[in-house]
Amino acid sequence: MKAMIFAAGLGTRLKPLTDNRPKALIVVAGKPMLEHVILKLKSAGFDEIIINVHHFANQILAFLEANDNFGINIQISDETEALLDTGGGMEKALPLFLTTDFEKLQDFISDSCYSDTGEIAISKENISTLEKMLGKYKSEAYLIHNVDIISNCDLKELMDFHQSFDTAPHATLLVSKRPTSRYLLFDENNMLCGWVNKDTMETKPLGFRYEEGMYKEYAYSGIQVVNFMLYGYLPAGQYSIIDFYLSMCHKLKIQCYVKEDLQLMDIGKPETLEKAEEFLKKI
């Protein structure tokens, strides 16, 4: 299985700890944040991971090299020239997952789809193989995980849920009912349709009207699964993936996965960083 870790952030909430190191390498319960997430993904069966980097990127590269990439295939999406936020970061990184697959496809075509004279000669068997190789991208899915989130979520269970539908959704967002001022809003079919800030009553997308009791209100966890077909809709540049989903929810299938017993902590801020060690003992 394949996953991406968002690790490029500046970590401004954790200053001064991030004045000389990336947020991803801040130590929590004896291990850097990044190591906690990598090991959780690895234990769930993920063996291909992309990590985006920006702030003190060389420190992350050195850390991975020193740990031999934790025994799995890790690729780097380099954002050192420009921080792209979650949406642009995803758009830049997702094609990296296909590099190996396209190399296999090119090798197959070169070895099996030409005659000795160099003319195209594709058998029915080879056509079937090509269709399988290309068709899998319609259901190819990737788990996306913020580096500063620790939780008791069964990540394989989340992947399985996303892939259990005959028509794959573009994204599945892990959500919960935890108290917050900002909620993602879903309809009776668990499809995203809006967002509201309960403190200010600001809403998204543009023109959306919030009515109390009309929607399922959930807090986003910082963990999601996306289908590769989403890539065709993602623009290049710097933007939030959640804002993108909200602007496109009338067109894309963005669904939620509700974990009733979800235990989650955002360790990207000082007040929770101090509590993280005890939290990790509970999950």
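Described below are features of the structure shown in this document. Note that the coordinates shown come from a computational prediction; the quantities given were computed from them, not determined experimentally.

1. Quick word on the nonpolar core
No. 1: One finds Ile5, Leu34, Ile38, Ile51 and Leu143 to be the most contacted residues of the largest nonpolar core, which totals 45 residues.
No. 2: Ranked by the residues each element gives to this core, the list is headed by helix H1 (residues 33-43), at five residues.
No. 3: Not counting residues within four places of it along the chain, the set of residues in contact with Ile38 comprises Ile5, Ile49, Ile51, Leu64, Phe70, Ile72 and Ile74.
No. 4: Ile50, Leu173, Tyr218 and Met248 belong to the second largest nonpolar core, which has 33 residues in total.

2. A short note on the pairing of strand E9 (residues 182-186)
No. 1: Among the five residues that make up E9, four are buried, leaving the element largely enclosed by the rest of the structure.
No. 2: Of the pairings in the sheet, the one linking E9 to strand E10 (residues 192-197) comprises five bridges and is antiparallel in character. When the bridges of E10 are listed, Tyr183 appears paired with Val196.
No. 3: Relative to strand E12 (residues 216-227), E9 runs antiparallel, the two being bridged by three bridges. By the bridge assignment for E12, Leu185 is matched with Glu217.

3. What about the packing of H1 against helix H2 (residues 57-66)?
No. 1: The contact between H1 and H2 brings their axes to 12 Å, and the two run at 50 degrees. Taken as axis vectors, H1 and H2 run oblique relative to one another. Crossing hand, H1 versus H2: right-handed. Within the contact between the two elements, H1 uses Leu34, Glu35 and Ile38 and H2 uses Ile60, Phe63 and Leu64.
No. 2: Of the residues belonging to the contact of H1 with H2, the class tally is five nonpolar, no polar and one charged.

4. Re the side chain of Thr18
No. 1: Of note, Thr18 is situated in the loop between strand E1 (2-6) and strand E2 (27-28).
No. 2: The class of Thr18 is buried, set by a relative accessible area of 1%.
No. 3: Dropping the residues within four chain positions of it, Thr18 is found in contact with Leu10, Gly11, Lys23, Ile26, His55 and Phe56.

5. Focus on the packing of aromatic side chains
No. 1: Under the criterion given, the structure shown has eleven aromatic pairs.
No. 2: Connected via pairs of aromatic rings, a cluster forms that spans Phe97, Tyr142, Phe228 and Tyr231.
No. 3: For the cation-ring pair, Lys204 lies above Trp195, with the distance from its terminal atom to the ring centre recorded as 4.9 Å.

6. As for the pairing of strand E6 (residues 141-146)
No. 1: Counting buried positions along E6 gives five out of six residues, so the element sits mostly inside the fold.
No. 2: Note that E1 and E6 share five bridges and pair parallel. By the bridge assignment for E6, Ile5 is matched with His145.
No. 3: Summarising the sheet, E6 and E12 pair through five bridges and their orientation is antiparallel. Pairing of Ala141 across the sheet is with Asn227, part of E12.

7. Overview of unusual backbone geometry
No. 1: The step from Lys15 to Pro16 runs through a cis peptide bond, and the omega angle for that step is 10 degrees.
No. 2: The omega torsion across Lys204 and Pro205 is 0 degrees, close enough to zero to call that bond cis.
No. 3: In this fold, Pro205 is placed in the loop between strand E11 (203-204) and E12.
No. 4: In this model, Asp68 sits at a positive phi of 50 degrees, which is unusual for a non-glycine residue.
No. 5: A positive phi is found at Phe70, a non-glycine position, where the angle reads about 55 degrees.
No. 6: Residue classification places Phe70 among the buried residues on the basis of a relative accessible area of 10%.

Rules behind the numbers
- Once a new chain begins, its residue numbering starts again from 1 and follows that chain's sequence as written.
- Local features in this predicted model are restricted to residues of pLDDT 70 or higher, and side-chain atom pairs are both shown and tallied only at a pLDDT of 80 or more, whereas totals for entire chains, interfaces and linings draw on every residue.
- For the side-chain quantities, the full set of heavy atoms in the structure was used; hydrogens and water were omitted.
- Here, the term nonpolar core denotes a set of buried Ala, Val, Leu, Ile, Met, Phe, Trp, Tyr and Cys residues that are joined through side-chain atoms within 4.5 Å.
- Under the scheme applied here, a residue whose accessible area is under 20% of the maximum for its type counts as buried, over 50% as exposed, and between as partly exposed, the area being computed with a 1.4 Å probe on protein chains only.
- A run of DSSP states H or I qualifies as a helix once it reaches four residues; a run of E qualifies as a strand once it reaches two. Both are numbered from the N-terminal end.
- Any two residues whose heavy atoms approach within 4.5 Å are treated as being in contact.
- By the convention used here, strands pair only if DSSP detects at least 2 bridges between them.
- Orientation is described by lines fitted to C-alpha atoms, with helices fitted over the stretch in contact, and by angles between N-to-C directions that extend from 0 to 180 degrees.
- Here the word oblique covers every angle except those under 35 degrees (roughly parallel), over 145 (roughly antiparallel) and from 65 to 115 (roughly perpendicular).
- Left-handed describes a crossing whose near helix is turned anticlockwise from the far helix by less than a right angle; the clockwise case is right-handed.
- All residues other than Ala, Val, Leu, Ile, Met, Phe, Trp, Tyr, Cys, Pro, Asp, Glu, Lys and Arg, Gly among them, are scored as polar; the first ten of these are nonpolar and the last four charged.
- Pairing of aromatic side chains requires ring centres within 6.5 Å, counting the rings of Phe and Tyr and the six-membered ring of Trp. Pairs whose planes differ by under 30 degrees are stacked, by over 60 edge-to-face, and all others tilted.
- Both a distance and an angle decide whether a charge sits over a ring: NZ of Lys or CZ of Arg must be within 6 Å of the ring centre and within 35 degrees of the ring normal.

Distances and angles like these do not, on their own, reveal function.
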